[in-house]
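Remarks on the overall topology
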Amino acid sequence: MAHTEWKDAPGLPDFSLLKRLARDQLIFLLEQQHEVDKLYKVELKPIVSSSDQLCFLIRPRIQTVKWISDLVNADKVAGRFRRYKIIFTPQKFYACETVLEEQGVYGDVTTDEWNFYILPLDDDILSLELPEFFRDNFLEGDQRWVTTAGSALRLLQSVYGSFSKVYGIGRCAKMVYESWRELMEDGEQRTRQPEFAKVFLVDRDVDFVTPLCSQVVYEGLVDDLFRIKCGSVEFGPDVTSSDKSIKVMLNSQDKVFSEIRNEHFSNVFGFLSQKAKNLQTAYDKRRGMDIQQMKAFVADELKGLKQEHRLLSLHIGASESMMKKKTKQDFQELLKTEHSLLEGFEIRECITYIEEHINRQVSMIDSLRLLCLLSITENGLLSKDYRSLKAQYLQSYGIEHLLTFANLRQLGLLEEQQAGETLTVMESKVGKLVNDKTVGKLTDAFSSLAKKSNFRALSKRLALVPKSGEEYDLRVPRDMAYVFSGAYIPLSCKLIEQVLERDGWTGMEEVTRMLNGQEFAVTARNKTDAQRIVLVMFLGGCTFSEISALRFLGKERGTYYLKQME
């Protein structure tokens, strides 16, 4: 995004400050540990070391703390004395100290915190790197990470200045805001020129539809197939055309990637082909050069060309690998089914496709995605469909997934429609007039009307699904729908756009009601003329499709949308 230029674009904050702060604190903590023998990756297995002190840098996870406790107790049984220190990051929790006490090692271990709340992944992406945030908060109801998110906001405000306005929607978003506000009231207030204009906090469960849709922008596809972790990806032999895997950083420093990351996949091959031709032309300049010109070429251009050639080869290999896998999985049929679900057309045909997908065992995860997308867009499944699809899934992928269905039901991702009281009365009246078989057919019809899908109403109210039949030029996208082939504008991004346009939630009462409320808009004490940089904080994770959509929106509005992931 930093390489995308538009008129009067604001400059982005220098996030290297965050890295320096985290590095300096870690150095301070580690300086207390002398004569470091060796670094070990925590793999929950025995450690072989002759050192008389062990220092563990870990996330505050119960399983890891129990493993450390077992190591300490094993040393005690062997009559070995060592010093043990645990550094929790980003913070330590009372539950972890309780485990140490229960395991009888609390007095043998010293603990500390490394407050590394935010990891800058790119010029416009920050991450809390808490993959457990979603499960802990939204499924388990464990709100311990709320304080962590609030502390991250406090850190940003202390380094980059105060926010002029804060918007949010969702229960977790409201708690994070309250936590951040309390931390700011208790801490020292600093006045400096702010670098952020506004902050938008959004819960992941406000929009479940977007992460359930297949990604079709280049960076999203790379994540779906190869998994991007901490801003890097590992490409295997099928991409590198060798017997080795290569780990690559994916950010704006990669000149090839920065130009295709937000592009619809259908445009990527054409761009890469042109890039290869341009690169060859640059190499061909060597012909006919004299000695001085060749010397200048080698000193100024050759190294950069070789690096660009290496990256171009990798991204061409990745694109070819993606194309092979997606063709094998009937990707176009999958997209067609998703688009039909989003539009509310040919639902029975979609269910047939999902059944075939499950029975052919094409992809366990994709089958679940389709089931959840069907459920959310239809506001739950008819009982007969729910039971049938569930039985087929368990038969194909194993009875152990009963717990998966229970968890998805608890999250509201995959639900069975429950007939209301009005429907029951209606059925009883109809039952006096017709036979049972006919009643059954009418019941199915009434069930589909008994609950109006919130997604359908939201989609209509916010114009999330463009009118079918209209041609959409993916080479020159006209709105954020391009990230889903012109079929759907991400709900989360549409909310952000609308709220910022209105400078609040006024006029969106019907929308917030359908999203179960919990919206807020708060003006800071000192309203300032900050730059046009908006921080969007997704609580529970976000997709690269949403990041691309916000980049597009920022380019259209002359505003930077800075994304903060889980």
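Residues numbered from 1 in each chain as written. Predicted model: local features only at pLDDT ≥ 70, side-chain atom pairs only at ≥ 80, totals over all residues. Heavy atoms only, no water.

**A closer look at the overall build of the chain**
A count of helices and strands for the chain gives 23 helices and 12 strands. Residues classed as buried in the chain amount to 50% of the 566 residues present. If you take every contact in the chain between residues at least 6 apart in sequence, the share linking residues at least 24 apart comes to 75%. Accessible surface for the chain amounts to roughly 28,800 Å². Of this, 50% is attributable to carbon and sulfur atoms. (Helix = DSSP H or I, 4+ residues; strand = E, 2+ residues; numbered from the N terminus. Buried < 20%, exposed > 50% of the residue type's maximum accessible area, 1.4 Å probe, protein only. Contact = heavy atoms within 4.5 Å. Areas by Shrake-Rupley, 256 points an atom, 1.4 Å probe, with all protein chains shown as cover.)

**Side note on the pattern of salt bridges**
For the structure shown, the criterion picks out 33 salt bridges. The salt bridge involving E338 is made with R369; its shortest N-O contact spans 3.3 Å. Placement of E338 in helix 13 (residues 331–343) and of R369 in helix 15 (residues 364–377) is noted, with a sequence separation of 31 residues between them. The exposure class of E338 is buried, given its relative accessible area of 2%. Residue R369 is classed as buried on the basis of its relative accessible area of 14%. (Salt bridge = Lys/Arg side-chain N within 4 Å of Asp/Glu carboxyl O.)

**Here's the deal with helix 6 (residues 171–186)**
Note that an α-helix has 3.6 residues per turn; residues three or four places apart therefore point the same way. Its 16 residues place the ends of helix 6 23 Å apart at the C-alpha level, agreeing with the 22 Å of an ideal helix rising 1.5 Å per residue. Three or more residues of helix 6 are buried, namely C172, A173, V176, Y177, S179, W180 and M184. Seen from one end, helix 6 has its buried residues packed into an arc of 165°, which puts them on one side. Of the exposed residues in helix 6, those oriented more than 90 degrees away from the buried face are R171 and D186. Of the surrounding elements, those touching the buried residues of helix 6 are helix 4 (133–139), helix 5 (145–160), strand 6 (165–169), strand 7 (198–203), strand 10 (519–523) and strand 11 (533–539). (Expected span 1.5 Å × (residues − 1). Arc of directions from axis to C-beta.)

**Some points on the pairing of strand 7**
In regular strands, side chains alternate between the two faces of the sheet. Burial analysis of strand 7 places five of its six residues in the buried class, the great majority of the element. Across five bridges, the pairing between strand 6 and strand 7 is parallel. Opposite V166, over in strand 7, you have V199 as the bridge partner. Of the strand pairs in this sheet, strand 7 and strand 11 are connected by six bridges, and their pairing is parallel. Looking at strand 11, one finds that F200 is bridged to V536. (Pairing = 2+ DSSP bridges.)

**Observations concerning the environment of L30**
Mapped onto the elements of the fold, L30 is located in helix 1 (residues 16–30). Its relative accessible area of 38% is what places L30 among the partly exposed residues. On a C-alpha basis, the gap between L30 and L57 in space is 9.9 Å, while along the polypeptide they are 27 residues apart. With residues up to four places along the chain from it excluded, the contact list for L30 reads C55 and I87.

**A look at helix 20 (residues 454–462)**
Within the sequence span of helix 20, burial applies to F455, A457, L458, S459 and L462. Buried residues along helix 20 sit in contact with helix 7 (209–212), helix 13, helix 15, helix 21 (491–502) and helix 22 (509–514).

**Describing the confidence of the model for the chain**
The predicted model of the chain averages 86 in pLDDT, with 85% of residues at 70 or higher. Here helix 18 (residues 421–431) is the element of the chain with the lowest mean pLDDT, 39, and helix 7 is the one with the highest, 97. (pLDDT = per-residue confidence, 0-100.)

**Describing the packing of helix 13 against helix 15**
Here helix 13 crosses helix 15 at 15°, and the two axes come no closer than 9 Å. Judged on the interaxial angle alone, helix 15 and helix 13 are roughly parallel. Between helix 13 and helix 15 the crossing geometry is left-handed. Mapping the contact onto sequence places L334, T337, E338, L341 and L342 in helix 13 and D366, R369, L370, L373, L374 and T377 in helix 15. Of the residues assigned to the contact of helix 13 with helix 15, the class counts are six nonpolar, two polar and three charged. (Axes fitted to C-alpha atoms, helices over the stretch in contact; angles between N-to-C directions. Parallel < 35°, antiparallel > 145°, perpendicular 65-115°, else oblique. Left-handed = near helix turned anticlockwise from the far one by under 90°. Nonpolar A, V, L, I, M, F, W, Y, C, P; charged D, E, K, R; others polar.)

**Some details on the packing of helix 5 against helix 6**
Put simply, helix 5 and helix 6 touch, their axes get as near as 8 Å, and they point 55° apart. Taken together, the axis directions place helix 5 and helix 6 in an arrangement best described as oblique. Once helix 5 is placed against helix 6, the crossing between them reads as right-handed. Across the interface between the two elements, V146, T147, A149, G150, S151, L153, R154 and Q157 from helix 5 touch C172, M175, V176, S179, W180, L183 and M184 from helix 6.

**As for the packing of aromatic side chains**
Summed over the entire model, instances satisfying the criterion amount to 21 aromatic pairs. Measuring from centroid to centroid gives 5.9 Å for F56 and W67, while their planes differ by 85°, and the two rings are edge-to-face. Of this pair, F56 sits in strand 1 (residues 53–58) while W67 sits in helix 2 (residues 62–77), placing them 11 residues apart in sequence. Here W67 falls in the buried class, since its relative accessible area comes to 10%. Grouping aromatic residues by their ring pairs yields a cluster made of F15, Y160, F163, Y177, W180, F196 and F520. (Phe/Tyr/Trp six-rings, centres within 6.5 Å; stacked < 30°, edge-to-face > 60°.)

**Some thoughts on the pairing of strand 1**
Where strand 1 meets strand 2 (residues 83–88), six bridges bridge the pair, whose relative direction is parallel. The partner of L54 across the bridge, within strand 2, is Y84. With helix 2 bridging strand 1 and the parallel strand 2, this β-α-β connection has right-handed handedness. (Right-handed = clockwise from strand over helix to strand, strands pointing away.)

**Considering the environment of S321**
Relative to the elements of secondary structure, S321 occurs in helix 12 (residues 291–328). The exposure class assigned to S321 is buried, which follows from its relative accessible area of 5%. In sequence terms S321 and V222 are 99 residues apart; their C-alpha atoms lie 10.0 Å from each other.

**Digging into a positive patch on the surface**
Taken together, the side chains of K41, R227, K229 and K247 define a basic patch exposed on the protein surface. Looking at where K229 falls in the secondary structure, it is placed in the loop between helix 8 (218–226) and strand 8 (232–235). (Patch = residues over 30% accessible without salt bridge, like charges linked within 9 Å, V, L, I, M, F, W, Y side chains within 5 Å. Lys, Arg positive; Asp, Glu negative; His and termini not counted. Charge placed at Lys NZ, Arg CZ, Asp CG, Glu CD.)

**A word on the side chain of T89**
Locating T89 in the fold gives a position in the loop between strand 2 and helix 3 (94–102). At 2.8 Å, the side chain of T89 and the backbone oxygen of W114 are in polar contact. Contact partners of T89, with chain neighbours within four places excluded, come to L57, I58, R59, P60, W114 and F116. (Polar contact = N/O pair within 3.5 Å; in protein donor to acceptor, adjacent residues only side chain to side chain.)

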